[in-house]
Amino acid sequence: MDISDLRNLFETHEICRVKVGGFDIDGILRGKYLSLDKFWSAQKTGFGFCEVIFGWDSCDVLYDNSKITGWHTGFPDLHARIDLDTFRLLPDEPHTASFLVDFFTPQGDPYPACPRALLKQVIAKADTMGFVPYFAAEFEFWVFQETPESLHQKGFRNLRTLSPGMCGYSWLREGQYAHLVHDILDTCQKLDIEIEGLHTETGPGVYEAALRYDTALRAADKAALFKTVLKLICARHGLSVTFMAKWNHDLPGSSGHLHQSLWSSDKHQNQFADKADPWGMSTTAKQYLAGQLALMPEFTAFYSPTINSYKRYVKGVWAPLNVSWGLDNRTCAVRAIGKGEATATRLEFRQTAADIQPHIAMACCLASGLHGIEQELIPPRPMSGDAAVGPGTPLPLTLTEAVAQLEVSQTASQLLGATFVEHYIRTRQWEIAQYNRAVTDWEIKRYFESV
């Protein structure tokens, strides 16, 4: 966006403050307000943003094992640059504009722990190969009749869901809570986060939103923003929402599937479609798919980033348990869709849950797919029937196992950068350590009297 055009927009909308933010390693949007004077000066020089946002976990506890940042660096300022193309007006904050930022080192290099920088790096590689990647995210999320205060007062136990019953695709439930549903649709539309479909899923108070496809960076930005926006919308209604992969043992988990395809550099031709192929897939699509399948186990820690992610990996809840793919087969880790149709042919990556960091997950999907094209990999034949009982390589079932596989992956460092991968591994090792120290309700109930 041109600065003169932006000034005109600010004048038209009577902008008097600006909100800027960037996504951390866990997908949390870390931001602050800028005065107009500060904002305009930042267009020339950038501005400082404390490095600590990459030095602490999702609960703002400082890592004790990070090399890239920590007490030893003194937590200096990173150099933040505002991406003017991410301009949005905040519907619920009058006269307020918002932007996303990118982070750089004092030397002017992209900050190696920044997820948005990682995705940009992989997109640049796709560009050199003549491809424009498109992505779309689907998120399942659970809504509760709770506020942040009541959640903490209850210790996150005995929570009241938005509605009772197992009501998948319920016209009734959607109508009963139309005020919330319409607010989600309207607010997201105003924020350029178009929702193609929104419906209840199977479970009390659970919904699924399918975001409209876009080029990879914009799709990742929208997916990450959507999660924050939903929390703000729900707060307006006295509600709360979670994107945990599995919040309740007795209820289904929350998926976060990623649809993707590669298009020609002019964005006119879907490089995945081949109507003449028995599977409807081009050689490019097959090689891309083969790359994702080959790297899926060692990339699982990127796709399933939390301890809780792996509570979803159980039979009978639609989450893939092994490396597999199929033609319109929802039991597989990757589902091929479109049957060669020029506009519809794509791959749906189904390993991911709603707890993903969208920039990281999309970067890894894209990087592994491009790797398959470069290496001219060949996928196995598609699975039919229930892939969970098929012969595919088992996926890691704990974060500890997933991190162990990532640690020995040479390909991850080659495709994503050694510094990013090392930092990411250390953040997941920290997460595991915090979990290992915890005393859970399950342990108390099971052992308090019996041992």
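Refer to the structure presented above.
What counts and how
- Residue positions are given per chain, counting from 1 as you read along its sequence in written order.
- The predicted nature of this model means local features are confined to residues of pLDDT at least 70 and side-chain atom pairs, given and counted, to a pLDDT of 80 or more, with totals for whole chains, interfaces and linings taken over all residues.
- Hydrogen atoms and water are omitted, and side-chain values are computed over all heavy atoms in the structure.
- Note on conventions: DSSP H or I runs of at least 4 residues are helices, E runs of at least 2 residues are strands, and numbering of each starts at the N terminus.
- Exposure categories follow from relative accessible area, calculated using a 1.4 Å probe and restricted to protein chains: below 20% of the type maximum is buried, above 50% is exposed, and the middle band is partly exposed.
- In what follows, residue pairs with any heavy atoms lying within 4.5 Å of each other are defined as contacts.
- Whether two strands pair comes down to DSSP finding at least two bridges between them.
- Axes here mean lines fitted to C-alpha atoms, for a helix over just the part in contact, with angles spanning 0 to 180 degrees between N-to-C directions.
- Any carboxyl oxygen of Asp or Glu within 4 Å of a side-chain nitrogen of Lys or Arg constitutes a salt bridge here.
- Patch membership requires over 30% relative accessible area and the absence of a salt bridge. Like charges are linked within 9 Å, and nonpolar side chains (Val, Leu, Ile, Met, Phe, Trp, Tyr) within 5 Å.
- Throughout, the Shrake-Rupley method with a 1.4 Å probe supplies accessible areas, and for residues the shown protein chains are the sole cover considered.
- Take the far helix as the reference: if the near one is turned anticlockwise from it by less than a right angle, the crossing is left-handed, and if turned clockwise, right-handed.
- Lys, Arg, Asp and Glu make up the charged group, whereas Ala, Val, Leu, Ile, Met, Phe, Trp, Tyr, Cys and Pro make up the nonpolar group; the residues left over, Gly among them, are polar.
- Residues belong to a common nonpolar core when they are buried Ala, Val, Leu, Ile, Met, Phe, Trp, Tyr or Cys residues joined through side-chain atoms within 4.5 Å.
- For a helix, the expected span equals 1.5 Å multiplied by the residue count minus one.
- Bend angle per residue: angle between axes fitted to the 7 residues ending at that residue and the 7 residues starting there.

> In this structure, what is going on with the environment of Ala223? I would like to understand it.
Within the secondary structure, Ala223 sits in helix α7 (residues 216–236). Exposure remark for Ala223: the relative accessible area of 0% places this residue in the buried category. In contact with Ala223, other than residues within four places in its own chain, are Ala137, Phe139, Leu211, Pro358 and Met362.

> Just checking my understanding: could you explain the sheet that holds strand β4 (residues 77–89) for this structure?
Strand pairing in a sheet relies on backbone hydrogen bonds, with the paired strands running either antiparallel or parallel. Strand order in this open sheet of five strands is β2-β1-β5-β4-β3, and the pairing throughout is mixed. Edge strands, defined here as strands with exactly one partner in the open sheet, are β2 (29–34) and β3 (47–50). Neighbour-to-neighbour, the strand axes of this sheet turn through a mean angle of 45°, independent of strand direction. Where strand β1 (residues 17–23) lies against β2, six bridges are found, and the strand directions are antiparallel. Bridge pairing in β2 links Phe23 to Leu29. Across the sheet, helix α1 (residues 3–12) is in contact with β1, β4 and β5 (96–104); its angle to β4 comes to roughly 65°.

> Explain the pattern of salt bridges to me, please; I cannot follow it from the model alone.
Side-chain pairing between opposite charges can occur once the charged atoms of the two side chains come close. For the structure on display, the rule yields 26 salt bridges. One salt bridge in this structure joins Lys19 and Glu93, with 3.3 Å as the shortest N-O distance. Residue Lys19 is found in strand β1, and its partner Glu93 is found in the loop between β4 and β5; the two are separated by 74 residues along the sequence. For Lys19, a relative accessible area of 28% translates into the label partly exposed.

> Please clarify how a nonpolar patch on the surface should be interpreted in this entry.
Taken together, the side chains of Val439, Ile444 and Phe448 present a nonpolar region at the surface, about 350 Å² in accessible area. Look at Val439 and you get exposed, because its relative accessible area is 63%.

> I keep staring at the packing of α7 against helix α9 (residues 358–374) and nothing clicks. Help me out?
When two helices pack together, their arrangement is given by the angle between the helix axes and the distance between those axes. The geometry of α7 relative to α9 is characterised by a closest axis approach of 8 Å and an angle of 145° between their N-to-C directions. Seen along the crossing, α7 lies across α9 with a hand that is right-handed. Contact residues: α7 offers Ala216, Leu217, Ala219, Ala220, Asp221, Ala223 and Ala224, while α9 offers Pro358, His359 and Met362. Across the contact of α7 with α9, the residue classes break down as eight nonpolar, one polar and one charged.

> Teacher, can you tell me more about the environment of Ala290 here?
Positionally, Ala290 belongs in helix α8 (residues 283–303). Here Ala290 falls in the buried class, since its relative accessible area comes to 6%. Each C-alpha atom of the pair Ala290 and Gly155 lies 44 Å from the other, and the pair is 135 residues apart in sequence.

> Any chance you could explain the nonpolar core here in plain terms?
The nonpolar side chains of a soluble globular protein tend to be buried, and buried together. Counting 95 residues, the largest nonpolar core has Phe141, Phe226, Phe302 and Leu416 as its most contacted members. Here this core gets twelve residues from one element, more than from any other, and that element is α7. For Leu416, the residues in contact, after removing those within four places along its chain, are Leu118, Gln121, Val122, Phe299, Phe302, Ala363, Cys364, Ala367 and Val421. Of all hydrophobic cores here, the second largest spans 30 residues; its members include Leu34, Ala42, Phe49 and Phe54.

> Could you clarify how one ought to interpret unusual backbone geometry in this entry?
Backbone geometry follows two general trends: most residues other than glycine have a negative phi, and most peptide bonds adopt the trans configuration. Although it is not a glycine, His95 adopts a positive phi angle of roughly 65°. Turning to its location among the elements, His95 is positioned in the loop between β4 and β5. Phi at Asp192 is positive, roughly 60°, even though this residue is not glycine. As for its placement among the helices and strands, Asp192 is situated in the loop between α6 (178–190) and β7 (195–200).

> Hey, could you run me through α7 in this one?
Side chains three or four residues apart in an α-helix point the same way, a direct result of the helix having 3.6 residues per turn. Counted at 1.5 Å a residue, the expected span for α7 with its 21 residues is 30 Å, and the 30 Å between its end C-alpha atoms agrees. At Phe226, α7 shows its largest kink, close to 25°. With 15 of 21 residues buried, α7 is to be regarded as a mostly interior element. Note on α7: the residue one or two positions beyond its end, Gly238, has a positive phi of about 70°.

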